[in-house]
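Residue-level listing of the chains:
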Amino acid sequence: MPQVTYYTYFQHTEPPWDYDVPLIVRIAVRWLITAIGFIAAEWFVNDVWYDGNPWFVDGWPDLALASLSYVIMRAIFRPILIFLTCPLQLLTLGLFLFVVNALIVILTEVVCDWFGIGFAVDGFWPAFIGALVISLASFAMSRLLKRNPFGKPN
């Protein structure tokens, strides 16, 4: 007789360290991870990829506000953009997600301009590379924050 196993949505979408951690702590950790990703993106885009200053954050308060607005924009608009670009996602085998992430960075810059937050990105390609660095840094830090980072998932 085949064995039937039931899973919930939460068990397969949230990292294991999120199961018994309060929501406000999860949001704060995600915000901190994104802020570190912003620092890494600024360093990589400005010092490694470009010689100029196409990715600009004007200090710690603006870094905190820009990363917070990025987290909010990503939570609100990324699912909508993924749904709207579903045919492109299928055609490119998911690689269009990088473009969606770059659009979220550009949208974050627009929102930061509205509120006078010192965050600027000079065009699509710095936003693309910066979003890629933020994603990689976020993945690495989320992996390290798991309770069993290199072993079998809980």
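Since we're looking at a predicted model, the values are computed, not measured.

Draft legend 1. Just the overall build of the protein chain, in detail. A tally of helices and strands in the protein chain yields 6 helices and 2 strands. Traced from its N-terminal end to its C-terminal end, the protein chain shows the element sequence α-α-β-α-α-α-β-α. Here the protein chain holds 154 residues, and the buried ones make up 36% of them. Sequence-distant contacts, at least 24 apart, represent 64% of the contacts inside the protein chain between residues at least 6 apart. In the structure as shown, the protein chain presents an accessible area of about 9,800 Å², 72% of it carried by carbon and sulfur atoms.

Draft legend 2. Representation of helix H5 (residues 97-115) in the model. Spanning 19 residues, H5 covers 27 Å between terminal C-alpha atoms, matching the ideal 27 Å at 1.5 Å per step. Looking at the buried side of H5, the elements it contacts are strand S1 (55-57), helix H3 (60-84), helix H4 (86-91), strand S2 (119-121) and helix H6 (124-145). Backbone geometry just downstream of H5 places Gly-116 in the positive-phi region, at approximately 75°.

Draft legend 3. Region of the structure containing the packing of aromatic side chains. Per the counting criterion, the structure on display carries 9 aromatic pairs. Look at Phe-38 and Phe-119: their rings are 5.3 Å apart centre to centre, the planes differ by 55°, and that puts the pair in the tilted class. Placement of the pair is Phe-38 in helix H2 (residues 23-49) and Phe-119 in strand S2, with a sequence separation of 81 residues. With a relative accessible area of 0%, Phe-38 lands in the buried category. By relative accessible area, which is 1% here, Phe-119 ends up buried. What links up through ring pairs into an aromatic cluster is the set Phe-38, Trp-55, Tyr-70 and Phe-119.

Draft legend 4. Examining a nonpolar patch on the surface more closely. Side chains of Trp-43, Val-48, Trp-49, Leu-103, Phe-124 and Trp-125 sit close together on the surface and give an oily, nonpolar patch of about 610 Å² of accessible area. Broken down by secondary-structure element, the contributors of at least two residues to the nonpolar patch are H2 and H6. Phe-124 gets classed as partly exposed once you look at its relative accessible area, which sits at 30%.

Draft legend 5. Seen up close, the confidence of the model for the protein chain. On average, residues of the protein chain carry a pLDDT of 83, and 82% of them reach 70 or more. Mean pLDDT values for the elements of the protein chain range from 51 in helix H1 (residues 9-13) up to 94 in H5.

Draft legend 6. Structural view of the nonpolar core. By size, the foremost hydrophobic cluster in this structure holds 23 residues, and its most contacted members are Phe-38, Trp-55, Val-105 and Phe-119. Listed by contribution, the elements that provide at least two residues to this core are H2, S1, H3, H5, S2 and H6. Broken down by element, the residue count for this core peaks at 6 residues, all from H6. If near-sequence neighbours (up to four positions away) are discounted, Phe-38 is found in contact with Trp-55, Val-57, Leu-63, Ala-66, Ser-67, Tyr-70, Phe-119 and Ile-134.

Reading the values: the criteria
Residues numbered from 1 in each chain as written. Predicted model: local features only at pLDDT ≥ 70, side-chain atom pairs only at ≥ 80, totals over all residues. Heavy atoms only, no water. Helix = DSSP H or I, 4+ residues; strand = E, 2+ residues; numbered from the N terminus. Buried < 20%, exposed > 50% of the residue type's maximum accessible area, 1.4 Å probe, protein only. Contact = heavy atoms within 4.5 Å. Areas by Shrake-Rupley, 256 points an atom, 1.4 Å probe, with all protein chains shown as cover. Expected span 1.5 Å × (residues − 1). Phe/Tyr/Trp six-rings, centres within 6.5 Å; stacked < 30°, edge-to-face > 60°. Patch = residues over 30% accessible without salt bridge, like charges linked within 9 Å, V, L, I, M, F, W, Y side chains within 5 Å. Salt bridge = Lys/Arg side-chain N within 4 Å of Asp/Glu carboxyl O. pLDDT = per-residue confidence, 0-100. Core = buried A, V, L, I, M, F, W, Y, C linked by side-chain atoms within 4.5 Å.

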